[in-house]
Amino acid sequence: MKRTAVLVAGLSLWTLCPRLQAVVPVYHQTKMEVANKVHAQVYSFELSDVRLLAGPFKHAQDLDAAYLLRIEPDRLLSRFRVNAGLKPKGESYGGWESQGISGHTLGHYLSACSLMYASTGDTRFKERVRYIVSELAACQKAGGDGFIGGMPNAREIFAKVAAGAISSAGFDLNGSWVPWYNEHKTFAGLIDAYLYTGSDEAKQVLVRLADWAWNTTKGLSDDEWQKMLAAEHGGMNDSLADVYALTGDPKYLDLSRKFYHRAVLDPLANREDRLTGLHANTQIPKVIGAARLYELTGEQKYDTIASFFWDVVTKERSYVIGGNSNNEHFPPKEAMSKNIGPSTAETCNTYNMLKLTRHLFSWNPLPQYADYYERALYNHILASQDPDDGMMCYYVPLKTGVPKAFNTPFDSFWCCTGTGMENHAKYGDSIYFRSAANDLYVNLFIASELRWTDKGVTVRQNTEYPVKPSTRLTLTCRKPTELALHLRRPLWAVKSYTVTVNGARELLRSKPGSYVTIKRVWKSGDVIEISMPMTLREEPMRDDAHTVALLYGPLVLAAAENPAGPPPVIVAGSTSATTAIKPVPGKPLTFTASGRVFRVAGEPSKKPLTLRPFYAVYKTPYVVYWDSFTEGQWNAKQQEYLAEQARARALEARTTDSIRVGEMQSERDHRFEGVNTETGEFMGRKWRHATDGGWFLFGLKIDPKVPMDLICTYWGGDSGNREFDILVSSERIAAEVLENNRPGVFYDKTYELPTEITTGRDGIYVRFQAHPGKMAGGLYGCRAVRRATPVMSSPR
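Cut-offs applied
Residues numbered from 1 in each chain as written. Predicted model: local features only at pLDDT ≥ 70, side-chain atom pairs only at ≥ 80, totals over all residues. Heavy atoms only, no water. Helix = DSSP H or I, 4+ residues; strand = E, 2+ residues; numbered from the N terminus. Rg over C-alpha atoms; globule rule 2.2 N^0.38 Å. Buried < 20%, exposed > 50% of the residue type's maximum accessible area, 1.4 Å probe, protein only. Contact = heavy atoms within 4.5 Å. Areas by Shrake-Rupley, 256 points an atom, 1.4 Å probe, with all protein chains shown as cover. Lys, Arg positive; Asp, Glu negative; His and termini not counted. Charge placed at Lys NZ, Arg CZ, Asp CG, Glu CD. Pairing = 2+ DSSP bridges. Core = buried A, V, L, I, M, F, W, Y, C linked by side-chain atoms within 4.5 Å. Phe/Tyr/Trp six-rings, centres within 6.5 Å; stacked < 30°, edge-to-face > 60°. Polar contact = N/O pair within 3.5 Å; in protein donor to acceptor, adjacent residues only side chain to side chain. Axes fitted to C-alpha atoms, helices over the stretch in contact; angles between N-to-C directions. Parallel < 35°, antiparallel > 145°, perpendicular 65-115°, else oblique. Left-handed = near helix turned anticlockwise from the far one by under 90°. Nonpolar A, V, L, I, M, F, W, Y, C, P; charged D, E, K, R; others polar. Salt bridge = Lys/Arg side-chain N within 4 Å of Asp/Glu carboxyl O.

K.L.:
What should I look at first to understand the overall build of the chain in this one?
P.N.:
Secondary structure assignment for the chain yields 20 helices and 35 strands. At 27 Å, the chain has a C-alpha radius of gyration in line with the 28 Å of a compact globule built from 796 residues. In terms of principal-axis extent, the alpha carbons of the chain reach across some 85 × 70 × 50 Å. Taken over 796 residues, the chain has a buried fraction of 60%. Within the chain, counting contacts between residues at least 6 apart in sequence, those at least 24 apart form 71% of the total. In the form shown here, the chain has an accessible surface area of approximately 29100 Å², with 51% of it arising from carbon and sulfur atoms. For the chain, the distance from the average position of its 94 positive side-chain charges to the average position of its 86 negative side-chain charges is 5 Å.

Structure (structure tokens):
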């Protein structure tokens, strides 16, 4: 969609500037020194203007608040103090906080506490923000150069950057795990502390940190910049644009522009989708930064980057829950149905996609943005939290038979733990929007109360949605007030949609995926009631009409699944499977699915399945995507399906550990090391090889009590100088040559591990060592398994 920017100028337009982590323009924002150049059509309300009422989102917020209060700030600050030469006041937490990315959680935590204070008014969170900021100021003073950070060897890493000595294999910078990404979290946390709690000290620390970033990078050439930006750097362009808006100093705008990764953003500016194979969440923050730069500069290319990226990702590269990525990367959009794995839908991605969506909605309030927001909020963000204890998912798996895995309170601290802290602290940020005049947009049907202070209007939304497909808005007005209420008719609301005002039905023309508008003078006690019956529907994958998900209104439905047996499938032919799904009386949002249509291979019939909203399924494996067949197709497919499922399940049962080769997080978890090694993608699968006599190794867990094998996956068409040894714990177990061994297929090769290596050990190191002048790999997968006989190779 091409958009014509409306440019405005003058310091009188401070009200157009946004509250930053809330992302979009907020009316009456007075903390900015620079006005936006792009006119916003609608504005977000302050989080402090909206209070949640009882319901699933209030429950999620309460759990998050309790978790935030359990965390000890001094433990998150531990390595910041060490890096500043100060004695730590607490022991560093475990998980990622004990690794090379330590320090990233503090920025998220600072943001989350700031957001929670704004959302609840609970001063305990403001006090935590004050304490953390004062500690960061002390670290900054002790360090003397403006830097604050928690990653190991930080000053040495950035000293090399300042000298132009830059090396990166994609996820590291000078041997450090994503240091700019890490610093971005601190930037964002300080921005939020200033904007949401009014901490002037946070702004002072932020500006000194930005000056350090300026001084560190000011001598870099353009080529050095682009080489550095190959390493994940979070939303540094976004935060530095914010610093420019907060201070008015153009050097920060210049620095923000320099954090422009050409290899990714230039194709988007040309409306070219080259996202396949890229690490998904590395890219989304860059695009959010482009959106922010569009607001501040009015330059059309930034608008194109943001708008085109959103269209491609939400319409062509997302799963039914609104999330994207498989194993953290964008799979081929032509093969999404073949990329439904155990590590789909990284939660950080959707956290960032919702931030981008709010930008776009503020520029042009189209219902498609609100429809996507609702889908992702209910089916990914809400579904990523354990409703019993508030813990959060890294991935939200969509592969049949894989359960959700949640963080532990104090020994995980994944990236998605950090964004999760924020997700559940800011549910009030997109329920309502306003124009500069008299327009109120009701986007989400979440129980809440809005205080529109400058209009003297309070809107109380009482609803049991989505349990009941209706909502009730009650207005309290200081005096009779003319307003235009824009009420969203969701895209899924195809059956009917009715609105009454004070009991009288409004005669409105509307269609699914639109807004209905009621403009009148409102007075205290006026009541608007909206009814929007939900219906069942199938939603097929774009690339495969026989892979379908089931939805009820906005809700993705899931069925609990027994991973010990074959998964259920749909056998319905030309008839929709929804005809076999019936509501359970007395159990809202619960359905039974007839065994006549929902079948299991090898069974003539099956007991009825129970379907529930995906966000409510969290303790068990499940099915979200269903294979769908006609009767004839199923008769032919059933035996093949059974055999393949049995082989895959048997392999998984034997597996003690496996690594997703070429994927940053999996490789780090398996203690990857290497020399002259690189990774890439072929036919939608990641590989790693080593060249010119180089090598790489991984650690794998094994069973010390039984004979073990190593299974490696190769592409059968690889050839040319691919000669290498495989060593386990320094002992060579095989010499391998890849020379067009199995043309046209991926295949597994099994290597026996000598029992003298494995007996009594619970782990091994596997090294792939290229012969002199030769290559090792490509390796597409590697797993340790309990031995099965006979040893053989099999195509995959």
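Next comes the rest of the description.
K.L.:
What is the right way to look at the sheet that holds strand S12 (residues 504-505) in this model?
P.N.:
Strand order in the open sheet made by the seven strands is S2-S7-S8-S9-S14-S11-S12, with antiparallel pairing throughout. Each edge of the open sheet is held by one strand with a lone partner, namely strand S2 (50-52) and S12. Pairing analysis gives three bridges linking S2 to strand S7 (residues 448-452), with the strands arranged antiparallel. Looking at S7, one finds that Leu 52 is bridged to Ser 448.

K.L.:
Would you mind showing me how to read the nonpolar core here?
P.N.:
It is characteristic of soluble globular proteins that their nonpolar side chains tend to be buried jointly. In this structure, Leu 487 and Phe 598 are the most contacted members of the largest nonpolar core, which totals 195 residues. Among all residues touching Phe 598, those that are not within four sequence positions of it are Leu 550, Val 569, Ile 570, Ala 577, Ala 580, Ile 581, Ala 593, Lys 606, Leu 609 and Trp 626. In terms of nonpolar packing, the next biggest core, distinct from the first, is built from 29 residues, Met 708, Leu 753, Ala 770 and Ala 776 among them.

K.L.:
Would you explain the packing of aromatic side chains in this entry?
P.N.:
Two numbers describe a pair of aromatic rings. These are the distance of the centres and the angle of the planes. Taken as a whole, this structure holds 37 aromatic pairs when the rule is applied. Aromatic side chains Tyr 552 and Phe 591 sit 4.9 Å apart centroid to centroid with 65° between the ring planes, which places their arrangement in the edge-to-face category. On the criterion of sequence distance, the pair formed by Tyr 552 in strand S16 (residues 544-552) and Phe 591 in strand S20 (residues 591-593) is long-range, its members being 39 residues apart. In this structure, Tyr 552 and Phe 591 share a single accessibility class: buried. Connected via pairs of aromatic rings, a cluster forms that spans Phe 672, Phe 696, Phe 698, Tyr 714, Phe 724, Tyr 747 and Phe 768.

K.L.:
Whenever I open this one, the environment of Thr 655 confuses me. Can you help?
P.N.:
Following the sequence through the fold, Thr 655 ends up in strand S25 (residues 655-659). Spatially, the C-alpha atoms of Thr 655 and Leu 710 are 9.6 Å apart, while their sequence positions differ by 55 residues. Discounting chain neighbours no more than four positions away, the residues touching Thr 655 are Arg 783, Ala 784, Val 785 and Arg 786. Within the structure, the side chain of Thr 655 is placed 2.6 Å from the backbone oxygen of Leu 651, a separation counted as a polar contact. At 2.7 Å, the side chain of Thr 655 and the side chain of Arg 783 are in polar contact.

K.L.:
Would you take a moment to explain unusual backbone geometry for this structure?
P.N.:
When glycine is set aside, most residues are seen to have a negative phi, and most peptide bonds are trans. Cis peptide bonds are those with omega within 30 degrees of zero, and the linkage from Tyr 465 to Pro 466 qualifies with 5°. Along the chain, the position of Pro 466 falls in the loop between strand S8 (457-462) and strand S9 (470-477). The step from Gly 777 to Gly 778 runs through a cis peptide bond, and the omega angle for that step is 5°. Not every positive phi belongs to a glycine, and Arg 271 is a case in point at roughly 60°. Within the secondary structure, Arg 271 is located in the loop between helix H12 (262-269) and helix H13 (280-297). With a relative accessible area of 43%, Arg 271 lands in the partly exposed category. The residue Ser 729 is not glycine, and still its phi comes out positive at about 50°. Looking at the element boundaries, Ser 729 is found in the loop between strand S29 (723-728) and strand S30 (731-737).

K.L.:
Help me understand the side chain of Gln 769, please; the structure alone is not making it clear to me.
P.N.:
As for its placement among the helices and strands, Gln 769 is situated in strand S32 (residues 763-770). The exposure class of Gln 769 is buried, given its relative accessible area of 18%. From its side chain, Gln 769 meets the backbone oxygen of Gly 694 in a polar contact 3.4 Å long. When sequence neighbours within four positions are dropped, the list of residues in contact with Gln 769 reads Gly 693, Gly 694, Trp 695, Phe 724, Asp 725, Leu 727 and Ala 776.

K.L.:
Where do I start with the packing of helix H7 (residues 179-197) against helix H8 (residues 200-217) in this structure?
P.N.:
Working note: a packed helix pair is described by the angle between its axes plus the distance between those axes. With their axes 8 Å apart at the nearest point, H7 and H8 run at an angle of 150° to one another. If you check the angle between H7 and H8, you find them roughly antiparallel. Relative to H8, the crossing made by H7 is left-handed. Where H7 approaches H8, its residues Trp 180, Glu 183, Thr 186, Phe 187, Leu 190, Ile 191, Ala 193 and Tyr 194 are matched on the opposing element by Asp 200, Ala 202, Lys 203, Val 205, Leu 206, Leu 209, Ala 210, Trp 212, Ala 213 and Thr 217. Per-class residue counts for the contact of H7 with H8 are 13 nonpolar, two polar and three charged.

K.L.:
So what exactly am I meant to see when it comes to the sheet that holds strand S10 (residues 481-489) here?
P.N.:
Strand pairs in the sheet, formed through backbone hydrogen bonds, run parallel or antiparallel to each other. Ordered in space as S1-S5-S6-S10-S13, the five strands form an open sheet in which the pairing is mixed. Both edges of this open sheet fall to strand S1 (43-44) and strand S13 (514-522), since each of them pairs with a single strand only. Relative to strand S6 (residues 439-442), strand S5 (residues 432-434) runs antiparallel, the two sharing three bridges. Across the sheet, the residue bridging to Tyr 432 is Val 442, located in S6.

K.L.:
Would you explain the pairing of strand S22 (residues 609-613) in this entry?
P.N.:
If a strand is regular, its side chains alternate between the two faces of the sheet. Pairing of strand S17 (residues 555-560) with S22 involves three bridges; the strand directions are antiparallel. The residue of S22 that forms the bridge with Leu 557 is Pro 613. Two strands pair when backbone bridges link them, and S20 and S22 are joined in this way by three bridges, in the antiparallel orientation. Bridge pairing in S22 links Phe 591 to Leu 611.

K.L.:
Is there a simple way to think about the pattern of salt bridges in this case?
P.N.:
Should the charged atoms of two oppositely charged side chains come close, the side chains can pair. Applying the stated criterion across every chain yields a total of 38 salt bridges. A salt bridge links Asp 718 to Arg 722, with the nearest nitrogen and oxygen atoms 3.9 Å apart. The two residues Asp 718 and Arg 722 agree in class, both being buried. Through salt bridges with shared partners, a single ionic network connects Asp 273, Glu 316, Arg 317 and Lys 333.

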